[in-house]
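# A structural walkthrough
Chain residues, written in single-letter form:
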Amino acid sequence: MNVLGFAGSLRRGSYNRALLRAAVELAPAGMTIEIFDLAAIPPFDADQDADGARPPAVEELKRRIRSADALLIATPEYNYSTSGVLKNAVDWASRPARGSPLDGKPVALMGASGGDSGTVRAQLSLRHSFVFTNSLVLNRPEVLVRRAQTRFDDKLRLTDEPTRKFVRQLLEALADWTTRLREGARALSAVSSDSAPAAGTGGPAPGAGT
Ligand code: FNR
């Protein structure tokens with residue numbers, strides 16, 4: 001299982017980048033996590049969102065999301081929401097609205113902050129965006145790393161054992177979730193290839209057209 005991970009903070013000493021590195025180390029057997037650095041993704045510009053005009057880093061991000069079995073996202077909390085860096089990457093990846101690389105993609109969220117909320121509001125705001133993109137976000141376990149400065153050593157290694165355990169549980173749940181979704185999709189496509197829809201039924205639901 002090939003998982004693409006990215007963090008919504010660009011700073012060198014970021015706890016969220018460190019959390020993602022810990023996840024790479026804690027991945028269960030059969031799962032590989034590759035990290036994509038969002039530093040090269042420019043601000044979203046709809047004028048550049050066309051074939052041949054898209055910045056190369058954006059094309060690469062979309063290609064890597066499309067080919068990944070699942071996504072693992074580490075979000076900081078900025079002003080009760082996710083970071084602009086992360087939202088911007090989601091905005092690029094969310095186009096076209098139908099058939100974007102995020103459509104149907106299994107996603108796991110985690111996050112670290114210095115305060116007591118552990119990014120709960122940032123994660124909820126990301127979940128909100130993933131409703132529109134039809135991404136399939138794992139509900140549990142929630143990995144909310146509170147008071148992050150106490151969980152990492154001075155080399156930014158995740159040393160807090162309970163947090164390591166939560167990250168491991170999240171990755172195991174993501175593996176299970178991704179497998180179940182894949183099997184469900186396979187079963188559904190077998191059913192739909194057996195029976196053509198009657199006139200006026202089937203096809204995409206109206207809405208979400210922008
Ligand atoms: C923050 N921080 C913060 N923390 C929090 O718990 N709730 C919040 O709403 C905010 N808002 C916020 C806004 C801005 C602009 C900054 C720079 C910071 C603190 C933030 O969670 C903390 O700096 C984390 O360490 C940032 O994540 P990284 O960079 O360590 O991954």
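Reference entry: report on the structure contained in this document. (Residues numbered from 1 in each chain as written. Predicted model: local features only at pLDDT ≥ 70, side-chain atom pairs only at ≥ 80, totals over all residues. Heavy atoms only, no water.)

### Let's talk about the site of the ligand
Close to the ligand lie Ser-9, Arg-11, Ser-14, Tyr-15, Asn-16, Pro-76, Glu-77, Tyr-78, Asn-79, Tyr-80, Ser-113 and Ser-117. The separation between an oxygen atom of the ligand and a polar side-chain atom of Arg-11 is 2.7 Å. Contact distances for the ligand include 2.8 Å between a nitrogen atom and a backbone N or O atom of Asn-79. Expressed as a share of its isolated accessible area of 620 Å², the protein-covered part of the ligand is 69%. For the shell around the ligand, the residue count by class is four nonpolar, six polar and two charged. (Near = heavy atom within 4 Å. Polar contact = N/O pair within 3.5 Å; in protein donor to acceptor, adjacent residues only side chain to side chain. Areas by Shrake-Rupley, 256 points an atom, 1.4 Å probe, with all protein chains shown as cover. Nonpolar A, V, L, I, M, F, W, Y, C, P; charged D, E, K, R; others polar.)

### Focus: the pairing of strand β3 (residues 70-75)
Within β3, six of the six residues are buried, which leaves it mostly tucked inside the rest of the structure. Side-chain alternation along β3 places Ala-70, Leu-72 and Ala-74 on one buried face and Leu-71, Ile-73 and Thr-75 on a second face that is also buried. Pairing of β3 with strand β4 (residues 106-112) involves five bridges; the strand directions are parallel. Paired with Leu-71 across the strands is Val-107, a residue of β4. What joins β3 to β4 is helix α3 (residues 84-93), and the crossover it makes is right-handed. (Buried < 20%, exposed > 50% of the residue type's maximum accessible area, 1.4 Å probe, protein only. Helix = DSSP H or I, 4+ residues; strand = E, 2+ residues; numbered from the N terminus. Pairing = 2+ DSSP bridges. Right-handed = clockwise from strand over helix to strand, strands pointing away.)

### Here we look at α3
When α3 is considered as a whole, its buried residues turn out to be Leu-86, Asn-88, Ala-89, Val-90, Trp-92 and Ala-93. Those residues of α3 that are buried lie in contact with β1 (2-7), α2 (56-67), β3 and α4 (120-132). (Contact = heavy atoms within 4.5 Å.)

### Digging into the pairing of β1
Within β1, five of the six residues are buried, which leaves the element mostly enclosed by the surrounding structure. Of the pairings in the sheet, the one linking β1 to strand β2 (residues 32-35) comprises four bridges and is parallel in character. Of the residues in β2, the one forming a bridge with Gly-5 is Ile-35. You can see the chain leave β1, run along helix α1 (residues 15-26) and come back into β2, and the turn it takes is right-handed. Relative to β3, β1 runs parallel, the two being bridged by five bridges. Residue Ala-7 lies in a different strand from β3, and its bridge partner there is Ala-74.

### Here we look at the side chain of Thr-133
One can find Thr-133 in the loop between α4 and β5 (136-137). Look at Thr-133 and you get buried, because its relative accessible area is 5%. Ignoring anything within four residues of it in the chain, the contact list for Thr-133 reads Ser-94, Leu-102, Asp-103 and Gly-104.

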